[in-house]
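# Architecture and fold: a report
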Amino acid sequence: MRGILVTGALGQIGAELTPALRERYGATRVVASDLSEAQPADDSYERLDCAQAEAVADLIERREIGVIYHLAALLSAVAEERPQAAWSVNMNGLYNVLEAARHFGCQVFFPSSIAAFGPSTPRRGTPQATIQRPTTIYGVTKVAGELLCDYYAIRFGVDARGLRLPGLVSWAAPPGGGTTDYAVEMFHAAARRKPYSCFLAAETRLDMMYMPDAVRAIIELMEADPQRLRYQNAYNVTGMSVTPHEIAAQIRQHVPSFAVDYRIDPLRQAIADSWPQSLDSSAAREDWGFSPRFDLVAMTRDMLARLGETTGPFEDPISNEVENANARFG
Ligand code: NAD
Ligand code: SER
């Protein structure tokens, strides 16, 4: 059995995808990699800068890799601050991975994004095949990445598959500098009994998905029968279409005192306003059975329970005070 490589494995997705792959395919088969040196000095992790073509090819050959989950990238907000670096990591990194996959006969997973769409895309029920003219460098690298994966599949027969992921909400690792990070930050603030200043406007509607659904979708797509994949790469997937106001309201079902104010960051607001509000994921459902399990209600309950395990029992201090006062005087 050849090995499985995860690039960018220390990020938000890698922190949950890597253990899921180890559980499914065996711990010794999965090699995690990222830029950091500070990892256990055993075979489970290797430092790898994906922008270095020789290093990518060397690791894939040396570790006899057969499947690559290529997660290394700069996300939307960071990429907009450093567009040249974003091109280098997101495009050269993917090119190096696809070249090595061509040479060594590997299957590749490439995560595209809602960012692959732009202001001229239909924003509601965004179809699988539609206008893609993003106005961010991150989105440009995602559309170019989708096309490059298609090219390597058609021209060289590389089995390159991918999803257009929405904003992902998770508790295990912090998000890496995206426009949808506010959703994760909101849950962390609520779990610490702190107020939250949201950098997007209250009514900004975007697609989101809970990480367990994203991890399952990635694995399901990679295991899907290739004959059934009409698109192979860049399938629209989503778990919910929500606004900051709606997430905060759902959190308040558990933490009535949770306070949010809105201090809008013009850069990230402009990015969000250029993205779809709700993706049509019917092609993924029809072709390989995509079926998310978490809606906003279920995700909120699970996020707060998980974060409560690390921050202590999840109790709302203000409602506790009210209860205590009632007990004293009632
Ligand atoms: P992240 O920012 O949390 O993690 C990315 C990781 O890549 C980091 O650990 C970073 O150290 C590493 N990295 C950066 N430059 C590198 C390089 N040159 N070589 C090797 N590693 C490098 O990102 P994430 O949220 O885990 O996202 C993973 C992938 O999924 C990215 O391609 C991202 O665009 C895509 N995606 C993420 C989301 C989301 O909401 N998290 C949504 C859509 C798509
Ligand atoms: N969550 C990602 C971002 O905001 C979307 O790709 O950048």
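Residues numbered from 1 in each chain as written. Chains lettered and ligands numbered in written order. Predicted model: local features only at pLDDT ≥ 70, side-chain atom pairs only at ≥ 80, totals over all residues. Heavy atoms only, no water.

## Brief notes about the overall build of the protein chain
Within the protein chain, the regular secondary structure consists of twelve helices and 14 strands. The globule rule puts the C-alpha radius of gyration for 330 residues at 20 Å, and the 20 Å found for the protein chain is close to it. Once the C-alpha set of the protein chain is aligned to its principal axes, its extents read approximately 75 × 50 × 40 Å. Put simply, the protein chain shows about 14500 Å² of open surface, and 51% of that area lies on carbon and sulfur atoms. Treating the 31 positive side-chain charges of the protein chain as one cloud and the 40 negative ones as another, the clouds have centres 2 Å apart. (Helix = DSSP H or I, 4+ residues; strand = E, 2+ residues; numbered from the N terminus. Rg over C-alpha atoms; globule rule 2.2 N^0.38 Å. Areas by Shrake-Rupley, 256 points an atom, 1.4 Å probe, with all protein chains shown as cover. Lys, Arg positive; Asp, Glu negative; His and termini not counted. Charge placed at Lys NZ, Arg CZ, Asp CG, Glu CD.)

## Some details on the site of ligand 2
Near ligand 2 the following residues occur: Leu75, Ser76, Ser113, Tyr138, Gly167, Gly178, Thr179, Thr180 and Trp275. The contact in question runs from an oxygen atom of ligand 2 to an N or O atom on the side chain of Tyr138, over 2.7 Å. Between Thr180 and ligand 2, the recorded distance is 2.7 Å, taken from a side-chain N or O atom to a nitrogen atom. Protein chains bury 93% of the 230 Å² of accessible surface belonging to ligand 2 in isolation. Per-class residue counts for the shell around ligand 2 are three nonpolar, six polar and no charged. (Near = heavy atom within 4 Å. Polar contact = N/O pair within 3.5 Å; in protein donor to acceptor, adjacent residues only side chain to side chain. Nonpolar A, V, L, I, M, F, W, Y, C, P; charged D, E, K, R; others polar.)

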